[in-house]
Amino acid sequence: MEIRQLRYFLAVAEELHFGRAAQRLHMSQPPLSVQVGRLEEEIGTPLFERSTRRVSLTPAGIHLRMRAKEILADVDAAAREMREYADGLVGRLSAGFVSSANYTVLPGVVQLFRARRENVELALAPLTSGEQLERLRAGTLDVGIVRDELPPGDAHAPALVTEVVYEERLVVCVPVAHPLATRAELAPADIVEAPMIAYPRSLMPGFVDRVSAALAEAGRAPMVAEEVVHQETALSFVAAGVGLSVLPESVRQLVPPSIAVVPIAGSPTTRLLAAHPAGGDDHPARSTFVDCLREAAGALAAARAV
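All chains use their own residue numbering, which begins from 1 and follows the written sequence. pLDDT decides what is reported in this predicted model: residues at 70 or higher carry local features, side-chain atom pairs at 80 or more are listed and counted, and totals for whole chains, interfaces and linings draw on all residues regardless. Each side-chain value is derived from all of the structure's non-hydrogen atoms; neither hydrogens nor water enter the calculation.

A. Region of interest: the nonpolar core. As used in this record, nonpolar core signifies buried Ala, Val, Leu, Ile, Met, Phe, Trp, Tyr and Cys residues forming a set joined through side-chain atoms within 4.5 Å. Under the scheme applied here, a residue whose accessible area is under 20% of the maximum for its type counts as buried, over 50% as exposed, and between as partly exposed, the area being computed with a 1.4 Å probe on protein chains only. Ranked by internal contacts, the top residues of the largest apolar core, which has 33 residues, are Val172, Cys173, Val174, Leu186, Ile191, Tyr199 and Val246. Secondary structure follows DSSP: runs of H or I at least 4 residues long count as helices, runs of E at least 2 residues long count as strands, and numbering of each begins at the N terminus. Elements with a contribution of two residues or more to this core: strand S6 (160-175), helix H7 (188-192), strand S7 (195-198), helix H8 (205-214), helix H9 (231-239), strand S9 (245-248) and strand S10 (259-263). With five residues, S6 is the single largest residue contributor to this core. In this analysis, two residues are considered to be in contact whenever any of their non-hydrogen atoms come within 4.5 Å of each other. Dropping the residues within four chain positions of it, Ile191 is found in contact with Val172, Leu186, Met196, Leu215, Leu244, Val246 and Ile264. Residues Leu93, Val105, Phe113 and Val120 belong to the second largest nonpolar core, which totals 25 residues.

Put into structure tokens, the structure is as follows:
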């Protein structure tokens, strides 16, 4: 039994006239009669009572008319759903993001994406850059918002595509009682003299390398007092006087009165990147998400420039 045969049968069952059904199907009557006859042979029972004056449905035909409507409705719905999936209008998109994106691009991109793809389930996962890279290469994450350039991956690992979407300054978070808190800006040599709250490179490779590059002119590595995973934890340690911490400038939204935020001389920056697997876009909604990410980042940068 073919879908085409069911469509032919249903046209005749609704018209109860082979000629009118053939016109409706934009075909001639003989091939239509042949196809209906083959369907009856396959099923093993007549579907129509035929006479010179009228065509009527047999009990089997009445039952098949009901089932054919259901089947064809399901087939048409499936075809429509697949067209919508191909256009990125339905489905599911898994997106990872670093915690600092919460205070910059994430609110805007989520609002834009959900407005434009309301029938796509957006599954958000707060992950470090390192965790996102692992999941992107494993195929369990569709797109990620990571911080700073990615280190070279394993030659045998799937390649990733990245795009810078937002850039902001690096700043130093200092306890207000610390002698450096009143400076207009801090040189790398000033920063490495104090204990630092840092991050594990395995989880945040790009950001750790970026901070190291910003402090390189000091000529020596900073003294790491503690390594933490979340910037909120870093701020708690700074407030407790454990050490300084270099963070993105958007951290200003989180700092309590007990912490001063001081720019770094030369205004080194840190960047947020969109990252996803290379080699063709097999997830139509992903390009929409990246478009929304660019737009949200652009609006944020414009607002910051005012």
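B. Structural detail: the pairing of S6. As paired strands, S6 and strand S11 (residues 269-277) are joined by nine bridges and run antiparallel to one another. Across the sheet, the residue bridging to Val164 is Leu273, located in S11. Pairing of S6 with S10, which is carried by five bridges, proceeds in the antiparallel orientation. Bridge pairing in S10 places Pro175 opposite Ile259. Following DSSP output, two strands are said to pair if at least two bridges run between them.

C. Just the packing of aromatic side chains, in detail. Aromatic pairing here means that ring centres of Phe, Tyr or Trp (its six-membered ring) are within 6.5 Å. Orientation follows from the plane angle: under 30 degrees is stacked, over 60 is edge-to-face, and everything else is tilted. This model, assessed by the stated rule, comprises four aromatic pairs. Each ring, one from Phe18 and one from Phe48, has its centre 5.9 Å from the other, and the planes form 65 degrees; the classification is edge-to-face. One end of the pair, Phe18, is in helix H2 (residues 18-24); the other, Phe48, is in strand S1 (residues 48-50), and 30 residues separate them in sequence. Considered together, Phe18 and Phe48 belong to a single accessibility category, that of buried residues.

D. Spatial organisation of the packing of helix H5 (residues 106-116) against helix H10 (residues 284-305). Axis angles are defined between N-to-C directions and span 0 to 180 degrees, where every axis is a line fitted to C-alpha atoms and, for a helix, only to the segment in contact. Axis separation between H5 and H10 bottoms out at 8 Å; the angle between their running directions is 135 degrees. The angle between H5 and H10 places the two elements in the oblique class. Relative to H10, the crossing made by H5 is right-handed. Where H5 approaches H10, its residues Gly108, Val109, Leu112, Phe113 and Arg116 are matched on the opposing element by Ala285, Thr288, Phe289, Cys292, Leu293, Glu295 and Ala296. Split by residue class, the contact of H5 with H10 holds eight nonpolar, two polar and two charged. Roughly parallel covers angles under 35 degrees, roughly antiparallel covers those over 145, roughly perpendicular covers 65 to 115, and oblique covers all other angles. Less than a right angle of anticlockwise turn of the near helix away from the far helix marks a crossing as left-handed, whereas a clockwise turn marks it as right-handed. Residue polarity is assigned by list, with Asp, Glu, Lys and Arg as charged and Ala, Val, Leu, Ile, Met, Phe, Trp, Tyr, Cys and Pro as nonpolar; anything else, Gly included, falls into the polar class.

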